[in-house]
Amino acid sequence: MLPRLAAGPASVSLLFGSIIKGEVALNRDWLTTVRQSLPRLGQIVSHMRPTWHLPDASQVSAKWLVDHGIEAAIWDVDGTLMSYHGDDIDPSFRDRLRALFVDPAVRHAILSNCGEERFLVLGRIFPEIPILRGYRRADGEMVLRIRRGEEDSLGADALAALLGEGARSIRKPDGGLVREAMTVLGVEKPHRVVMIGDQYMTDVASASLAGARSIKVETWRRDTFPLPVKLSQAVEKLLFLLVHGRSGSVQSNEPKR
Ligand SMILES: [Mg+2]
């Protein structure tokens, strides 16, 4: 049961709407995410409580993941591993994370709300781990696309046919995306999976909707994000504090270096 909010879902929707209308430099990918999220806002807000809060991605080590029974980690990219639409992992923790991604102790994948072009770029930035993207056909069936370096499970023709028949990309938050990622990573039990990201409403909620665990990190290089995204981040943080409070982690364990 959610605590009563000073602003109800309708007011929140209006707030998002005013943000959308008021900004000049709108980001299309971000808009699609907001549009897909608004009808489920109440459900998403109730799933924004992360298992852990951490300052940044450098805090995550193979030992800590294994110690907590984690077999697979699903990563957000922008604001988690790099600045907004960066071209590599931030130098502050690049070497540590590159080593983590090839450590056989834990399997890794990327799940980003990026657009089609950025998806191809991510394949080049992270050749060592699968980049995942989901599409929903008009009949509701999900099609998962997996990119490993330059290899793509959907060829250009198959993708064009899929989009041509009306399929649309699925954005976080979506528990089904996490469950599909679990299948790709070969993990059966959701609590053996952790989603790591900088947003409550996309990364944390996706994990929670799938029964997986989550690590919420502070947005890395927030200064590089477009204004509409910064505003939506402020709104989701406010919602989180209203609903879950300041100490809103399921667990408070700090990772061991
Ligand atoms: Mg992010």
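Residues numbered from 1 in each chain as written. Predicted model: local features only at pLDDT ≥ 70, side-chain atom pairs only at ≥ 80, totals over all residues.

## Concerning the overall build of the chain
Then step 1. Regarding its fold elements, the chain presents 10 helices and nine strands.
Then step 2. Within the chain, the fraction of its 257 residues that count as buried is 35%.
Then step 3. Taking as baseline every contact in the chain between residues at least 6 positions apart, the subset at least 24 positions apart corresponds to 70%. (Helix = DSSP H or I, 4+ residues; strand = E, 2+ residues; numbered from the N terminus. Buried ≥ 20, exposed ≤ 12 C-beta atoms within 10 Å, placed from the backbone. Contact = placed C-beta atoms within 7 Å.)

## Here we look at unusual backbone geometry
Then step 1. Backbone torsion omega between K172 and P173 reads 5 degrees, so that peptide bond is classified as cis.
Then step 2. Take P173: it is sitting in the loop between β7 (168-170) and α8 (175-185).
Then step 3. Phi angles above zero are rare outside glycine, and H85 is one such case at about 55 degrees.
Then step 4. Of note, H85 is situated in the loop between β2 (72-75) and α5 (94-101).
Then step 5. The class for H85 is partly exposed, based on 15 C-beta atoms found within 10 Å.
Then step 6. Within the chain, R221 stands out as a residue other than glycine whose phi angle is a positive 55 degrees.
Then step 7. Counting through the fold element by element, R221 comes out in the loop between β9 (213-217) and α10 (227-244).
Then step 8. The class for R221 is partly exposed, based on 14 C-beta atoms found within 10 Å.

## Side note on the pairing of β9
Across a regular strand the side chains alternate sides, sitting on one face of the sheet and then on the other.
Then step 1. Of all five residues that make up β9, five are buried, and the element is covered over most of its length.
Then step 2. Burial along β9 is two-sided: R213, I215 and V217 facing one way and S214 and K216 facing the other are all buried.
Then step 3. Where strand β1 (residues 52-54) and β9 come together, three bridges link them in parallel fashion. Counted as the bridge partner of H53 is K216 from β9.
Then step 4. In terms of strand pairing, strand β8 (residues 193-197) meets β9 through four bridges, oriented parallel. Within β9, the residue paired with V194 across the bridge is R213.
Then step 5. Following the chain from β8 across helix α9 (residues 200-210) to the adjacent parallel β9, one finds a crossover that is right-handed. (Pairing = 2+ DSSP bridges. Right-handed = clockwise from strand over helix to strand, strands pointing away.)

## Quick look at the packing of α8 against α9
Then step 1. Two elements in contact, α8 and α9, have axes whose closest approach is 7 Å; the angle formed by their N-to-C orientations is 70 degrees. Considering the angle they form, α8 stands roughly perpendicular to α9. Contacts between α8 and α9 involve G175, L177, V178 and R179 from the former and S206, A207, L209 and A210 from the latter.
Then step 2. Among the residues making up the contact of α8 with α9, the classes are represented as five nonpolar, two polar and one charged. (Axes fitted to C-alpha atoms, helices over the stretch in contact; angles between N-to-C directions. Parallel < 35°, antiparallel > 145°, perpendicular 65-115°, else oblique. Nonpolar A, V, L, I, M, F, W, Y, C, P; charged D, E, K, R; others polar.)

## Let's talk about the nonpolar core
Then step 1. Grouped together as the largest cluster of nonpolar side chains are 50 residues, with contacts concentrated most on A73, I74, I110, V178, A181, V194 and I196.
Then step 2. Apart from the residues lying within four places of it in its own chain, the contact partners of I74 are A109, L111, V178, A181, V193 and M195. (Core = buried A, V, L, I, M, F, W, Y, C linked by C-beta atoms within 7 Å.)

## Topic: the confidence of the model for the chain
Then step 1. Averaged over every residue, the pLDDT of the chain is 87; the share at 70 or more is 83%.
Then step 2. Here residues 1-26 is modelled with pLDDT under 50, and outside its nearest four sequence neighbours on either side it reaches 26 contacts, counting other chains as well.
Then step 3. Segment residues 253-257 is flagged for pLDDT under 50; beyond a separation of four residues in sequence, or across chains, it makes 10 contacts in the model. (pLDDT = per-residue confidence, 0-100.)

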